[in-house]
There are 2 protein chains.
Amino acid sequence: MKGLLFVVSAPAGCGKDTILNELFKKTDTAGYAVSATTRAPRGGEINGVHYHFLTREEFESKIAEKEVLEYTEYCGNYYGTLRRSVNDLIERGKDAILKIEVEGAMNIRRMFPEACLVFILPPSWEILEKRLRDRGTETEEKIIERSKQARTEIEFAKNYDYLIVNDKLDAAVDDLLAVLRAEKLRRSRNDELLNAFGEEDKA
Amino acid sequence: MKGLLFVVSAPAGCGKDTILNELFKKTDTAGYAVSATTRAPRGGEINGVHYHFLTREEFESKIAEKEVLEYTEYCGNYYGTLRRSVNDLIERGKDAILKIEVEGAMNIRRMFPEACLVFILPPSWEILEKRLRDRGTETEEKIIERSKQARTEIEFAKNYDYLIVNDKLDAAVDDLLAVLRAEKLRRSRNDELLNAFGEEDKA
């Protein structure tokens, strides 16, 4: 059985990176479909692990070759998903997990109606803002901007298949693991299995 | 949040009783919605645990009072689901698990479109027949009859939401646990959650 394509989105401060890091410690049936970007690597970021770092020319030639499934331009840099990143995993029977923002997720849904979309929510606006403040890395102005951005993003959550509230990290990771496992069992994804029973029957 | 209603069906020999017994050892978020019957208890069967044992008159008066969600008559006895068995669990926030055959499951689906239906499959016809033989409790004629019955029942599997192949017991139990957990996270079951974010926003 081929792997499935999962999209995970969440506003900043909802802990999606932490959830995914913990998830990959607990399962080997899923892999991270690394995004591509033209922005420069930040300290500690490894090419092919955190992002595929491409030049603008490389990125644009991949767009022209239809090798980019979805992309967006943000602050003068491209961010997108390479077809190969997804296919490499799926063909090996692994689920591909794409961590992308809401607009990209909607594009993936249009291209792959069978993709499964998961949205991670904070327990409340109040807790989201507290978490952003507790990071201690951003100005109050930036925090308010991010919180406003989160409000816009949550509007898209109604188009997702699953909602996970990241209240306790362990529970959120187990929720996502359950989604990965259950989604593969859906009847709508297993017509071949039922057909096999019918054919074996005729044999 | 109220509990959800899950229906579990499987042909004889697919191990649904064993799966459910193991499941209830591993979770306390779900409970077994005990069926009612007019047949006599067999050795070891406890009233209220394995079945609610009712007289024919009791059963028929419950039908008249619309206290029976679905029922069937088989070999001169009624078998059915009491509304109370389901509601007692759901109102306490527990998922109610109904173990019923395919026709009953289709009736539940009509009455409760939001119910989640899980069908348990054997790994193959061959293994199903081997398992029936290994029980050593039934004649070859009875085994062929049960196998034929299984073939009819599997025709209904296409109307279920999830398919679980009971190849290894532990994996099948974990599959069912994942379905219980993931199904609660489906966006379509969590409109209130998203509305709460919208309202908190306006407040």
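Further up the page is the structure itself.
Residues numbered from 1 in each chain as written. Chains lettered and ligands numbered in written order. Predicted model: local features only at pLDDT ≥ 70, side-chain atom pairs only at ≥ 80, totals over all residues. Heavy atoms only, no water.

### Structural notes on the relation of the copies chain B and chain A
Convention followed: Least-squares fitting of one copy onto the other uses the C-alpha atoms of those residues that reach a pLDDT of at least 70 in both copies. Contacts are assigned to residue pairs with any non-hydrogen atoms lying within 4.5 Å of each other.
Between the two copies, chain B and chain A, the superposition gives an RMSD of 0.0 Å; the rotation angle is 180 degrees and the shift along the axis is 0.0 Å. The symmetry that links the two subunits is that of a two-fold axis. Judged by C-alpha distance, B:Ala178 is the residue of chain B that lies nearest the rotation axis, at 2.2 Å. Counting the interface residues of chain B, we find that 100% of their copies in chain A are interface residues as well, pointing to one common contact surface.

### As for the pattern of salt bridges
Under the convention used in this document: We count a salt bridge whenever a side-chain nitrogen from Lys or Arg sits within 4 Å of a carboxyl oxygen from Asp or Glu. To sort residues, take the accessible area from a 1.4 Å probe on protein chains only and compare it with the maximum for the residue type: under 20% means buried, over 50% means exposed, and anything in between is partly exposed.
For the structure on display, the rule yields 35 salt bridges over all chains. With a shortest N-O distance of 2.6 Å, A:Glu140 and A:Arg133 are connected by a salt bridge. For A:Arg133, a relative accessible area of 38% gives the class partly exposed. Across the salt bridge formed by B:Arg189 and B:Glu183, the nearest N and O atoms sit 3.0 Å from each other. Among the ionic contacts, a cluster of salt bridges with common partners joins A:Arg56, A:Glu60 and A:Glu73.

### Re the state of the cysteines
Selection criterion: Two cysteine sulfurs form what is called a disulfide whenever their separation falls within 2.5 Å.
For the structure shown, the criterion picks out 0 disulfides over all chains. Here A:Cys75 stays unpaired: no disulfide links it, and the sulfur of A:Cys14, its closest cysteine neighbor, is 20 Å away. A relative accessible area of 67% means that A:Cys75 is categorised as exposed. We note that A:Cys116 lacks a disulfide partner, and the nearest cysteine sulfur, in B:Cys116, lies 14 Å from it.

### Quick word on the sheet that holds strand E9 (residues 162-165) of chain B
Residue and element names in this part refer to chain B. Definition in use: What makes two strands pair is DSSP finding at least two bridges between them. In this text, helices come from DSSP runs of H or I with a minimum length of four residues, and strands from runs of E with a minimum of two, each type numbered from the N-terminal end. With axes taken as lines fitted to C-alpha atoms, and helix axes fitted only over the stretch in contact, angles between N-to-C directions fall between 0 and 180 degrees.
Spatial ordering of the open sheet is given by E2-E7-E1-E8-E9, a layout of 5 strands whose pairing is parallel. Among the strands making up the open sheet, the edge pair consists of strand E2 (30-32) and E9. Between one strand axis and the next, the sheet turns through 25 degrees on average, direction left out of account. Of the strand pairs in this sheet, E2 and strand E7 (residues 95-99) are connected by 3 bridges, and their pairing is parallel. Residue pairing across strands places tyrosine 32 opposite isoleucine 97, the latter belonging to E7. Sheet strands in contact with helix H1 (residues 16-26) are strand E1 (5-9), E2, E7 and strand E8 (116-121), and its direction is about 160 degrees off that of E7.

### Quick notes on the packing of aromatic side chains
Here is the rule: Centres within 6.5 Å are what make two rings of Phe, Tyr or Trp a pair, Trp counting through its six-membered ring; a difference in plane orientation under 30 degrees is then read as stacked, over 60 as edge-to-face, and the rest as tilted. Geometrically, a charge over a ring is one whose NZ (Lys) or CZ (Arg) sits within 6 Å of the ring centre while staying within 35 degrees of the ring normal.
Following the criterion strictly, the structure yields 18 aromatic pairs over all chains and no others. Note on A:Trp125 and B:Phe197: the rings are 5.3 Å apart at their centroids and 90 degrees apart in plane angle, and the pair reads as edge-to-face. Here A:Trp125, found in helix H5 (residues 125-134), pairs with B:Phe197, found in helix H8 (residues 191-202), and the two come from separate chains. Overall, the relative accessible area of 4% leaves A:Trp125 in the buried class. By the ring-pair criterion, three or more aromatic residues cluster together here, those being A:Tyr51, A:Phe53, A:Tyr74 and A:Tyr79. One Lys or Arg, A:Arg151, reaches over the ring of A:Trp125 and ends 4.3 Å from the middle of that ring.

### Brief notes about the side chain of A:Thr38
All names here are of chain A. What counts here: For the purposes of these results, a polar contact is taken to be a pair of N or O atoms within 3.5 Å, where, inside protein, one atom must be able to donate a hydrogen and its partner to accept one; residues adjacent in sequence count only when each atom of the pair is a side-chain atom.
By the element assignment, threonine 38 lies in the loop between strand E3 (35-37) and strand E4 (52-53). Side-chain polar atoms of threonine 38 contact the side chain of asparagine 77, separated by 3.3 Å. A distance of 2.8 Å separates a polar side-chain atom of threonine 38 from the backbone nitrogen of tyrosine 78.

### Details of the sheet that holds strand E6 (residues 77-82) of chain B
Pairing between the strands of a sheet is mediated by backbone hydrogen bonds and can be parallel or antiparallel. Residues and elements named next belong to chain B. Read across the sheet, 4 strands follow the order E4-E3-E6-E5 without closing on themselves; strand pairing throughout is mixed. The open sheet has two edge strands, strand E4 (52-53) and strand E5 (68-74), and neither has a second partner. In the packing of helix H3 (residues 83-91) onto the sheet, contacts are made with E4, E5 and E6, and the angle to E6 comes to roughly 25 degrees.

### Focus on helix H6 (residues 140-154) of chain B
Residue and element names in this part refer to chain B. What counts is decided by this rule: One less than the number of residues in a helix, times 1.5 Å, gives the span that helix is expected to have. Arc definition: it is the arc formed by the directions from the helix axis to the C-beta atoms.
Taking 1.5 Å per residue as the helical rise, H6 with its 15 residues ought to reach 21 Å, and the 21 Å between its terminal C-alpha atoms agrees with that figure. Buried residues of H6: Ile143, Ser147, Ala150, Glu153 and Ile154, and no others. Considered in projection along H6, the buried side chains sweep an arc of 115 degrees and stay on one side of the axis. Seen from the buried face of H6, the exposed residues on the opposite side, beyond 90 degrees, are Glu141, Ile144 and Lys148.

### Details of the interface of chain B and chain A
Here is the rule we go by: What counts as buried area is the accessible surface, traced by a 1.4 Å probe, that two parts surrender upon association, with contributions from both included. Polarity classes work like this: nonpolar for Ala, Val, Leu, Ile, Met, Phe, Trp, Tyr, Cys and Pro, charged for Asp, Glu, Lys and Arg, and polar for all others, with Gly in that last group.
Listed as interface residues are 33 residues of chain B and, on the opposing side, 33 residues of chain A. Considering only the surface of chain B that becomes buried against chain A, B:Leu163, B:Leu185 and B:Phe197 emerge as the three largest contributors, covering 23% of it. In this assembly, chain B and chain A are joined by 4 salt bridges. B:Glu183 serves as the salt-bridge partner of A:Arg186, at 3.9 Å between the closest nitrogen and oxygen. Joining chain B to chain A, the criterion identifies 16 residue pairs in polar contact (both at pLDDT 80 or more). Sort the elements by how many residues they give to the side of chain B that touches chain A and helix H7 (residues 169-183) of chain B lands first, with 8 residues. When its residues are assigned to classes, the side of chain B that touches chain A shows 19 nonpolar, 2 polar and 12 charged.

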